[in-house]
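Understanding the architecture of this molecule
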Amino acid sequence: MGNSVLDTPVRVFANHRVWMEDAAVQQLHTTARLPGIRAAVGLPDLHPGRGYPVGAAFFSVGRLYPALVGGDIGCGISLLATGLHAHKTSASRLEKALTPIDDPLPESAIADATHQALGDIAARTGLFSAGQLASGLGTIGGGNHFAEVQVVDQVHEPGVLDAKRVYLMVHSGSRGLGGAILRAHVERFNHDGLTADTAEAQQYLAQHDAALRFAVLNRAHIAERLARALRTELQAVLDITHNHVLPHVWQGQAGYLHRKGATPADHGLVVIPGSRGDYSHVLRPVPERHEALDSLAHGAGRKWARSDCVGRLKPRFSFTDLLQTRFGSAVICADKALVYEEAPQAYKNVDAVVATLIEAGLVQPVARLKPLLTYKKGAPTCC
């Protein structure tokens, strides 16, 4: 579907199987009215956010909006192949092997190059010391962040993933750093955007880029901690971010592309995870298709607000019930409220979300992954 808001093209991608709240679509249209916005896209995982929709992309000219990126700058997903064999790996064996990774990394586990990177990030953002950043490095955090051990369930494009191997997916971001950057911006400018090429815009973009760098480092250290516990090697498959603002050219115009919970379609292979207890899909974007602002869904997308989940699910499921999925996979999480808030029932059907993208000609299926174990500890954010 599509129409125009004050000459700004607005398009929503969703098939008849995708749950789509009117409030989310309204937020998309309202955001499209911001000065400088030239195009807005709602992906099939679109759902209401705090003032701005999640699962959306916006292209602007002459102005950029930190509030559209949000507080978890650099939040994204990495997918890595392990040295574990699928036929020798079970949920129970993984659960016994894993140890909590919510405490700060020991000093011996942080290389000199990482210390140097943290020092540079601290200097560029000016909000935390390198030591404070190190205290959150390699930790997942709460909310919808997780790490998941997976096996290949279906292969659509042979030769990309090895069906005999076990894979590790890590979904996390910049922890408290991105939130601090957004708070500092809002204190100075409220939710107003920044005129491009001003000193204020360049300062934000420098902080933003440093947070992106920290988020990538964080996912890498999460993966390394889990790999040590599982006694395996890792091989990177992909790492993508879905909360960012980047220079972009759209229909011959140079501007900025804001992705708020949207996967880039112009950086190679992508993975779209389901909620725990659901499939994840590895996809190949179709390079010549640009109508979705070179963006794709970043997950299944919420169907229920977090505040509704306990009331809806507790009469039907105990805490223990929710620690095992329909696949027989295990869930590790010490936070009872988080277990209910992030239950599979609270999310849309990821297969329908992915089907929308395939039907629109935006992606081609590569493989489908099935969870063996999901790690969600729900520790307080660092910094």
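Our subject in this report is the structure included herewith.

Thresholds applied
Residues numbered from 1 in each chain as written. Predicted model: local features only at pLDDT ≥ 70, side-chain atom pairs only at ≥ 80, totals over all residues. Heavy atoms only, no water. Helix = DSSP H or I, 4+ residues; strand = E, 2+ residues; numbered from the N terminus. Buried < 20%, exposed > 50% of the residue type's maximum accessible area, 1.4 Å probe, protein only. Contact = heavy atoms within 4.5 Å. Salt bridge = Lys/Arg side-chain N within 4 Å of Asp/Glu carboxyl O. Pairing = 2+ DSSP bridges. Polar contact = N/O pair within 3.5 Å; in protein donor to acceptor, adjacent residues only side chain to side chain. Axes fitted to C-alpha atoms, helices over the stretch in contact; angles between N-to-C directions. Parallel < 35°, antiparallel > 145°, perpendicular 65-115°, else oblique. Left-handed = near helix turned anticlockwise from the far one by under 90°. Expected span 1.5 Å × (residues − 1). Phe/Tyr/Trp six-rings, centres within 6.5 Å; stacked < 30°, edge-to-face > 60°. Lys NZ or Arg CZ within 6 Å of the ring centre and 35° of its normal. Nonpolar A, V, L, I, M, F, W, Y, C, P; charged D, E, K, R; others polar.

**Here's the deal with the side chain of Asn218**
Assignment of secondary structure puts Asn218 in helix α7 (residues 199-230). For Asn218, a relative accessible area of 0% corresponds to the buried category. Excluding its chain neighbours within four sequence positions, the residues that come into contact with Asn218 are Gly136, Leu137, Gly138, Thr139, Ser172, Gly173 and Arg175.

**Structural notes on the pattern of salt bridges**
One side chain can pair with another of opposite charge once the charged atoms of both are near each other. Counted under the stated rule, the structure contains eleven salt bridges. Linking Asp153 and Arg368 is a salt bridge whose minimum nitrogen-to-oxygen distance equals 2.6 Å. One end of the pair, Asp153, is in strand β7 (residues 146-155); the other, Arg368, is in strand β18 (residues 363-375), and 215 residues separate them in sequence. Accessibility expressed as a relative area gives 29% for Asp153, which makes it partly exposed. Residue classification places Arg368 among the buried residues on the basis of a relative accessible area of 13%. For Arg289, the salt bridge goes to Glu291, with nearest N and O atoms at 2.4 Å. On the accessibility criterion, Arg289 (31% relative accessible area) is partly exposed. One salt-bridge network, in which partners are shared between bridges, spans Arg302, Arg306, Glu341 and Glu342.

**A short note on the pairing of β18**
Counting buried positions over the 13 residues of β18 gives ten, a clear majority of the element. As judged from the eight bridges shared by β7 and β18, these two strands associate in the antiparallel manner. Bridge pairing links Gln150 to Pro371 in β18. Pairing geometry for strand β15 (residues 280-285) and β18, over six bridges, is antiparallel.

**A few points about the side chain of His145**
Inspection of the secondary structure puts His145 in the loop between α5 (130-136) and β7. A distance of 3.3 Å separates a polar side-chain atom of His145 from the backbone oxygen of Ile140. Beyond its immediate chain neighbours, meaning those up to four positions away, His145 contacts Asp72, Cys75, Ile140, His171, Ser172, Gly173 and Lys376.

**Thoughts on the packing of helix α4 (residues 112-125) against α7**
Two elements in contact, α4 and α7, have axes separated by 9 Å at closest approach and are oriented at 150°. In this view, α4 runs roughly antiparallel relative to α7, as classed from their interaxial angle. The crossing of α4 and α7 is left-handed. Packed against α4, whose contacting residues are Thr114, Ala117, Leu118, Asp120, Ile121, Arg124 and Thr125, the element α7 presents Gln207, Ala210, Arg213, Phe214, Leu217 and His221 at the interface.

**Quick word on helix α6 (residues 176-189)**
With 14 residues, α6 should reach 20 Å at 1.5 Å per residue; the first-to-last C-alpha distance of 20 Å fits that figure. All of the buried residues along α6 are Gly176, Leu177, Gly178, Gly179, Ala180, Ile181, Leu182 and His185. The secondary structure elements touched by the buried residues of α6 are α2 (66-69), α4, α5, β9 (194-195) and α7. Trailing α6 by a residue or two, Asn190 shows a phi angle of about 55°, which is positive.

**Some details on the environment of Lys260**
Its location among the elements puts Lys260 in strand β12 (residues 253-260). Apart from the residues within four sequence positions on either side, Lys260 is in contact with Pro53, Val54, Gly55, Ala56, Leu68, Val69, Gly70, His242 and Asn243.

**Concerning the pairing of β12**
Burial analysis of β12 places six of its eight residues in the buried class, which makes it a mostly covered element. Pairing of strand β4 (residues 54-60) with β12 involves five bridges; the strand directions are antiparallel. Looking at β12, one finds that Ser60 is bridged to Tyr256. Following strand β11 (residues 243-250), the chain reverses through two residues before pairing antiparallel with β12; Gln251 in that reversal takes a positive phi of roughly 50°.

**Quick notes on the packing of aromatic side chains**
Applying the stated criterion across every chain yields a total of two aromatic pairs. Relative to Phe327, the ring of Tyr279 lies with its centre 4.8 Å away and its plane at 55°, an arrangement referred to as tilted. In this pair, Tyr279 is assigned in the loop between β14 (270-272) and β15 and Phe327 in the loop between α8 (306-313) and β17 (330-332), connecting sequence segments 48 residues apart. Residue Tyr279 is classed as buried on the basis of its relative accessible area, which comes to 13%. On the basis of relative accessibility, which here comes to 22%, the residue Phe327 falls in the partly exposed class. The lysine or arginine in question, Arg312, covers the ring of Trp304, its NZ or CZ lying 4.5 Å from the ring centre.

**Describing the packing of α6 against α7**
Running from N to C, α6 and α7 cross one another at 165°; their axes reach a closest spacing of 9 Å. The angle between α6 and α7 places the two elements in the roughly antiparallel class. Of the two possible hands of crossing, α6 and α7 adopt the one that is left-handed. Taking contact as the criterion, the partners of Leu177, Ile181, Arg188 and Phe189 in α6 are, on α7, Glu200, Gln203, Tyr204, Gln207, His208, Ala211 and Phe214. Grouping the constituent residues of the contact of α6 with α7 by class yields six nonpolar, three polar and two charged.

In short, the description is geometric, and any link to function would need to be established separately.
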